[in-house]
Amino acid sequence: MDMSKYRDLFISESREHVQGMSTCILVLEKEPASEQSINELFRHAHSVKGMSASMGYSKIAELSHHLEDMMDVVRKGQLAVSSSVTDILLEGVDALENMVDGVEQDKNLEEIDISSLLLKVLNATEGKVGAAAVKEEQADPDPKPGSASPSAEAAGDRPEVKPQPDPVHIDKEFHPVGGNDLEVRFEIAPDSLVPAARAYLAVKKLESLGQLHHTDPSVEEIKAGNYTDHVTAWVGGVKKDEILKTLQSLAEMGQISVSEPDSEIAQPENSVGEVSKPVDQIVVKSKKDSGPPAGSAKTVRISTVLLDTFINLVGELIVTKSRLNDLLTGSGSRDVDQVLTRVDHLISGLHSEVMKVRMMPLETVTQRLPRVVRDLALKRKKKVSLEVIGADIELDRAILEELGDPLIHILRNAVDHGLEDTEGRGASGKDATGRIVLRAFRERDMVYVEIIDDGRGMDLEAIKTKAVEKGVISRDQATIITDEETVILVCRPGFSTAAEVTDVSGRGVGMDVVQSTVDSLGGSLSIESHTGEGTTFTLRLPLTVAIVKMLLVSLLDHTFAVPITRVARTIRITREELNESQGRQYLNLDEELVSVFDLGELLKIERHTDGRSVFNVVLVEATNRTVGLVVDSVVGQVDIVVKPVCYPIQYLKRYSGMTVLGDGRIVPILDLGNLF
Amino acid sequence: MAVKVLIVDDAMFMRNMIAEIFNGKKFKEEDFQVVAEAENGIEAVEKYKEHNPDIVTMDIVMPEMTGIEALKEIMGLDSGANVIMCSALGQDSLVMEALDAGAKDFIVKPFQPGKVLDVVTRILDETRGG
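Cut-offs used in this document
Every chain is numbered independently, its residues counted from 1 as its sequence is written. Here the convention is simple: chains get letters from A, ligands get numbers from 1, in the order in which they are written. Totals for whole chains, interfaces and linings use all residues, but because this is a predicted model, local features are given only for residues with pLDDT of at least 70 and pairs of side-chain atoms are given and counted only at 80 or more. In computing side-chain properties, one takes all heavy atoms of the structure into account and sets aside hydrogens as well as water. Only DSSP runs of H or I covering at least 4 residues are called helices, and only runs of E covering at least 2 are called strands; the numbering of each starts at the N terminus. Residue exposure (1.4 Å probe, protein chains only): buried if accessible area is under 20% of the type maximum, exposed if over 50%, otherwise partly exposed. Only heavy atoms matter for contacts: two residues are in contact if any of them lie within 4.5 Å across the pair. Put simply, a salt bridge is a Lys or Arg side-chain nitrogen that is within 4 Å of an Asp or Glu carboxyl oxygen. Patches here are clusters of residues that have more than 30% relative accessible area and form no salt bridge, with a 9 Å joining cutoff for like charges and a 5 Å cutoff for nonpolar side chains (Val, Leu, Ile, Met, Phe, Trp, Tyr). Surface accessibility in these figures is a Shrake-Rupley result with a 1.4 Å probe; residues are shielded only by whichever protein chains are displayed. Defined in terms of a 1.4 Å probe, buried area is the accessible area two parts forfeit on being brought together, summed over both. Along the arc lie the directions from the helix axis toward the C-beta atoms. A fitted line through C-alpha atoms serves as each axis, taken over the contacting stretch for helices, and the angle formed by two N-to-C directions is quoted from 0 to 180°. Oblique is the label for any angle not covered by the other classes, which are roughly parallel (under 35 degrees), roughly antiparallel (over 145) and roughly perpendicular (65 to 115). Only Asp, Glu, Lys and Arg are considered charged, only Ala, Val, Leu, Ile, Met, Phe, Trp, Tyr, Cys and Pro nonpolar, and every remaining residue, Gly among them, polar. Pairs were defined over the aromatic rings of Phe, Tyr and Trp, the Trp ring being its six-membered one, requiring ring centres within 6.5 Å. Orientation was assigned from the angle between planes: stacked under 30 degrees, edge-to-face over 60, tilted for the rest. Two strands are said to pair when DSSP picks up at least two bridges between them. Only buried residues count toward a nonpolar core. Its members are Ala, Val, Leu, Ile, Met, Phe, Trp, Tyr and Cys residues joined through side-chain atoms within 4.5 Å. Domain limits in this description derive from either an automatic procedure or a database domain assignment. A helix is expected to span 1.5 Å for every residue after the first. Across the chain, each position has a pLDDT score giving the predictor's confidence in that residue, from 0 to 100.

Participant: Can you tell me about the overall build of chain B, naming the residues and giving the values?
Facilitator: Within chain B, the secondary structure is distributed over 5 helices and 6 strands. In chain B, the succession of helices and strands from N to C terminus is β-α-β-β-α-β-α-β-α-β-α. Looking at chain B as a whole, 64% of its 130 residues qualify as buried. Within chain B, contacts between residues at least 6 apart in sequence are counted, and of these 64% link residues at least 24 apart.

Participant: Go over the pattern of salt bridges, please, and point to the residues and values.
Facilitator: What the rule picks out here adds up to 50 salt bridges over all chains. Between Lys109(B) and Asp59(B) there is a salt bridge, with its nearest N and O atoms 3.1 Å apart. In this pair, Lys109(B) sits in the loop between strand S6 (105–108) and helix H5 (113–127) while Asp59(B) sits in strand S4 (residues 55–59), placing the two residues 50 residues apart along the sequence. In terms of burial, Lys109(B) and Asp59(B) fall into one category: buried. Each member of the salt-bridge network shares a partner with another, and the members are Glu29(A), Asp87(A), Asp94(A), Arg371(A), Arg374(A) and Asp375(A).

Participant: Account for a nonpolar patch on the surface, with residues named and values stated.
Facilitator: All names here are of chain A. On the surface, Ile302, Leu306 and Phe310 cluster together to form a nonpolar patch covering roughly 270 Å² of accessible area. By the secondary structure assignment, leucine 306 is in helix H11 (residues 304–328). The exposure class assigned to leucine 306 is partly exposed, which follows from its relative accessible area of 43%.

Participant: Any chance you could break down the interface of chain A and chain B for me, citing the residues and the numbers?
Facilitator: Often, the extent of an interface is quoted as the loss of accessible area upon association of its parts. At the interface, 55 residues of chain A touch 44 residues of chain B. Each partner contributes to the roughly 4,400 Å² buried at the junction of chain A and chain B, and carbon and sulfur atoms together form 61% of this total. At the boundary of chain A and chain B, one finds 6 salt bridges. Going through the elements one at a time, helix H1 (7–30), helix H2 (35–55), helix H3 (58–75), helix H7 (195–209), helix H8 (219–223) and helix H10 (272–288) of chain A are the ones with two or more residues in the side of chain A that touches chain B.

Participant: Run through helix H4 (residues 92–100) of chain B, naming residues and quoting values.
Facilitator: Listed as buried for H4(B) are Asp92(B), Val95(B), Met96(B), Ala98(B) and Leu99(B). The buried residues of H4(B) occupy an angular sector of 155 degrees when the element is viewed end-on, so they sit on one face. Buried-residue contacts for H4(B) involve H7 and H8 of chain A together with helix H3 (67–77), strand S5 (83–87) and S6 of chain B. Gly102(B) occupies a position one or two residues after H4(B) and carries a positive phi of about 115 degrees.

Participant: Let's hear about the packing of H1(A) against helix H1 (residues 12–22) of chain B: which residues, and what values?
Facilitator: Relative orientation of the contacting elements H1(A) and H1(B) amounts to 150 degrees, with a least axis distance of 9 Å. Looking at the two axes, H1(A) sits roughly antiparallel to H1(B). Residues Leu9(A), Phe10(A) and Glu13(A) of H1(A) form the contact with H1(B), whose participating residues are Met12(B), Phe13(B) and Asn16(B). Taken together, the residues of the contact of H1(A) with H1(B) break down into 4 nonpolar, 1 polar and 1 charged.

Participant: I'd like a rundown of the packing of aromatic side chains, residues and numbers included.
Facilitator: Residues and elements named next belong to chain A. Throughout the structure, instances matching the rule amount to 6 aromatic pairs over all chains. Ring centres of phenylalanine 10 and tyrosine 57 lie 5.1 Å apart, and the angle between their planes is 50 degrees; on these two criteria the pair is classed as tilted. With phenylalanine 10 in helix H1 and tyrosine 57 in the loop between H2 and H3, the pair connects residues that are 47 residues apart, well separated along the chain. Among the residues examined, tyrosine 57 registers a relative accessible area of 17% and is labelled buried. Summarising the aromatic geometry, the rings of phenylalanine 441 and tyrosine 448 are spaced 5.2 Å apart at their centres and angled 5 degrees between planes, so their arrangement reads as stacked.

Participant: I'd like to hear about the environment of Gly236(A), residue by residue, with values.
Facilitator: Residue and element names in this part refer to chain A. Tracing the chain through its elements places glycine 236 in strand S3 (residues 231–236). Of the residues examined, glycine 236 reaches a relative accessible area of 3% and is grouped as buried. For the pair formed by glycine 236 and histidine 213, sequence separation is 23 residues and the distance between their alpha carbons is 7.3 Å. The residues contacting glycine 236, other than those within four sequence positions of it, are Asp181, Gly210 and Gln211.

Participant: Give me the lowdown on the sheet that holds strand S17 (residues 567–574) of chain A, citing residues and values where you can.
Facilitator: All names here are of chain A. With mixed pairing, 6 strands are arranged side by side in an open sheet as S17-S21-S22-S20-S19-S18. With one partner strand each, in any of the chains shown, S17 and strand S18 (578–581) form the two edges of the open sheet. Strand-to-strand twist of the sheet, defined as the mean angle between neighbouring strand axes without regard to direction, takes the value 35 degrees. Here 5 bridges tie strand S19 (residues 584–589) to strand S20 (residues 592–598), and the two strands are oriented antiparallel to one another. If you follow glutamine 585 over to S20, its bridge partner there is valine 596.

Participant: Any chance you could break down the side chain of Thr659(A) for me, citing the residues and the numbers?
Facilitator: Within the secondary structure, Thr659(A) is located in strand S24 (residues 655–660). If we skip the residues at most four places from it in the chain, Thr659(A) touches Ile640(A), Val641(A), Lys643(A), Arg665(A), Ile666(A), Val667(A) and Ile669(A).

Participant: How would you sum up the nonpolar core? Please name residues and give values.
Facilitator: Counting 129 residues, the largest nonpolar core has Ile60(A), Phe186(A), Leu247(A), Phe13(B), Met58(B) and Met85(B) as its most contacted members. With 10 residues, the single largest contributor to this core is helix H4 (residues 83–104) of chain A. Shared between two domains, this core holds at least three residues of each, these being domain 1 (4–138) and domain 2 (156–273) of chain A. Residue contacts for Leu247(A): discarding those within four places in its chain leaves Val184(A), Phe186(A), Ala202(A), Leu206(A), Met253(A) and Ile256(A). In terms of nonpolar packing, the next biggest core, distinct from the first, is built from 54 residues, Leu376(A), Leu407(A), Leu411(A) and Ala414(A) among them.

Participant: Kindly report on unusual backbone geometry, identifying the contributing residues and their values.
Facilitator: For residues that are not glycine, phi is negative in most cases, and the peptide bond is trans in most cases. Residues Asp216(A) and Pro217(A) are joined by a peptide bond in cis, for which omega reads -5 degrees. Relative to the assigned elements, Pro217(A) resides in the loop between strand S2 (211–216) and H8. Cis geometry marks the peptide bond from Lys109(B) to Pro110(B); its omega dihedral reads -5 degrees. With respect to the element layout, Pro110(B) can be found in the loop between S6 and H5. The phi angle at Leu556(A) is positive, at roughly 50 degrees, despite the residue not being glycine. Within the element layout of this structure, Leu556(A) appears in the loop between strand S15 (547–555) and strand S16 (558–563).

Participant: Talk me through helix H12 (residues 334–358) of chain A; I want residue IDs and the actual numbers.
Facilitator: Residue and element names in this part refer to chain A. With 25 residues, H12 ought to run about 36 Å at 1.5 Å a step, and its terminal C-alpha atoms sit 36 Å apart, in line with that. Taken together, the buried positions of H12 are Leu340, Ile347, His351, Val354, Met355 and Arg358. Buried-residue contacts for H12 involve H11, strand S6 (359–361), strand S8 (394–396), helix H15 (397–418) and S15.

Participant: Tell me about the environment of Met99(A), and name the residues and values.
Facilitator: Residue and element names in this part refer to chain A. Locating methionine 99 in the fold gives a position in helix H4. Taking C-alpha positions, methionine 99 is 9.7 Å from glutamate 110, a pair spaced 11 residues apart along the chain. When near neighbours in sequence (up to four residues on either side) are disregarded, methionine 99 contacts Lys59, Ile60, Leu63, Leu109, Ile112 and Ile114.

Participant: How would you explain the confidence of the model for chain B if you had to name every residue and give the values?
Facilitator: For any part of a model where pLDDT is low, the fine detail of the predicted coordinates should not be relied upon. Residue and element names in this part refer to chain B. Confidence in the prediction of chain B, expressed as mean pLDDT, is 90, and 98% of residues score 70 or more. Within chain B, H5 has the poorest average pLDDT of any element, 88, and S4 the best, 95. For this predicted complex, the interface score ipTM comes out at 0.83, while the overall pTM is 0.54.

Participant: Mind laying out the sheet that holds S5(B), listing which residues take part and the relevant values?
Facilitator: Across a sheet, strands are paired by hydrogen bonds formed along the backbone, either parallel or antiparallel in direction. Residue and element names in this part refer to chain B. With mixed pairing, the 6 strands of this open sheet are ordered in space as S2-S3-S1-S4-S5-S6. Of all the strands in the sheet, just strand S2 (26–27) and S6 have a single pairing partner and so form its edges. Here strand S1 (residues 2–8) runs beside strand S3 (residues 30–38); their pairing, made up of 7 bridges, is parallel. The residue of S3 that forms the bridge with valine 3 is phenylalanine 32. In this fold H5 packs onto S1, S2, S3, S4, S5 and S6, with an angle of close to 170 degrees to the strand it touches most, S6.

Participant: Requested: an account of the side chain of Ser64(A), with residues and values cited.
Facilitator: Residues and elements named next belong to chain A. With respect to the element layout, serine 64 can be found in helix H3. Serine 64 sits in the buried class, given a relative accessible area of 0%. Apart from the residues within four sequence positions on either side, serine 64 is in contact with Ala45, Val48, Lys49, Ser52 and Leu96.

Right under this line is the structure:
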């Protein structure tokens, strides 16, 4: 069977299981006796084993097999969950994750060394199993000598014969010469993976045919997995042919022989050759027709690449349609108008359905966070609890993919700097365990993700001092900026020191990267901090990024796009409404002072505005504040597809991307996080 | 007529693979037809009642209700049910428990299509008097 087509499904399902394992282990750290987590953990390991073995990834199968064994021992109560047990399990999960990544990256798994880990797992499993086994043996004081065998009892009874040094003699003893029993000897095919279970099935079949008087090894031994190379059974009340026919009809049988009570030589009956023939034919047939699997599944998994292609095509369709609209509007033909309206409806229907497919729960990102926080807290010797609320909120996959690193960085900051150590917390009268809450909720078409800690809060004076030192702001600015503005300085490029940069998948992530990531998604970041009480980071995110609504604004003959999710509203103001203070322009809006910037000045586009008495202002949500942006005119709203830009345009820091309008014009998208 | 198959496994990966093994295959003149799939034991029992399949492939380790529990329920509903356990290496004792509970046979992961069909064919031969 061609397994390559199952590779992607294997990767995604394995990851779910590995993630599930990780979650269970973290629960077990807190509640070592959680039966549910123990069972779940076992199941996850088991599933990974089955899938990886099917795919031929023997190393993954081997590790998951041993982890499963270890969990089995835990499940049976033979190994208590301790921190060393969870450490080994977590190491195992990491290794599985690493190998599944390896599969995705087409790496040779054989090059990954897991031998020392395997040894740890085996030691943990076997050490305790051995001890328990000894206990069991001691608990059985009466080994029942063979002479006391209850073998010759009614049909159906299982003889209880304990292992003897020379079973053959024992057999002869209670199987008197001249009895009517047939001596049945059978082997299990050498390639059988579970020969003991096969042997057991065969014994059960014999039992159902007549009176099974004795077997060697005993039924109990077979049940305990003690099958080596063959089973001999003595069966009465049944014909030889019937036994042969029955045993031959079983799968994975090897040599079978049945001898009469008096016959000296057993006559081997070939079973392997004959029986396996039709099997080969079926295999050949199955190779020939490799049609799709029978179609009764309710859900399918498809490649994310395909999904991206879909959304891009829908985006192009939207852009092209708007161009068509421009060209045909006012054609005078009612038919054309009707067709346009219909196409409009169809495309927006298509758009919304495709978008639904792209939505995934936030959980896909947050489920790995407890582990991150746990590891960090251990390293910093702090007690930290993380509570995740609203993980079922759905977001565009493209946003989720970008969200992991920023969340990890914020959490790391919280554990490293935000939360005090145990003594510090005690001194402030706080609970010894620092608390971090990640709360997500939806408000209209935006999703809010808050990371709230109950730590010491940010030290505003220290931030100002450092910002001046680093040249992020001038000494004068430091004296006038508000608390909100001070807090957000930590997001300015150049503020974070190397020690504060999180190493996430091999690259440095500082608060500046967090902010630019959130900005590039069309979202915004705000920070609220109260000394002694803690800090809250709020990420305000759009539901989707693939096809987004933009507000087009113009300066002279240039057009720029502003993500509509960042636009509070557009207003027209008179020159008199603009106040100037210390070289900055303000607008008094609903009792609040709003900074106003001229887009032309920001972008160094020279134009004369001196003679104007009325200004078009777009109020946008910048980091931690609302800002007014003076433009020449507001063009209108459009649906656009954000196009990635490459070197060197990507370094234009005032733009987060580009888009192409229906008429082919290229329009830059303003990066509101880096504009002011 | 077709041979109705119910596939029970918590992993879609496994369900797809097993379905593919049956796809386009016949028992004598009858096509195999996967009539339903179930992700756990509870669903398996429900689907069994609904479809009355000729063959059930039953994973042992599953959430909600294990394969062995589901097997017992199904045997309680229909003592002639043809349930084949899907096991993995090292599950001998669970397999034997299932055999005691009435499972007709078992197949072992990683599945070899030939062996799976072999086991199914033998059971159908036996129960349909072939």
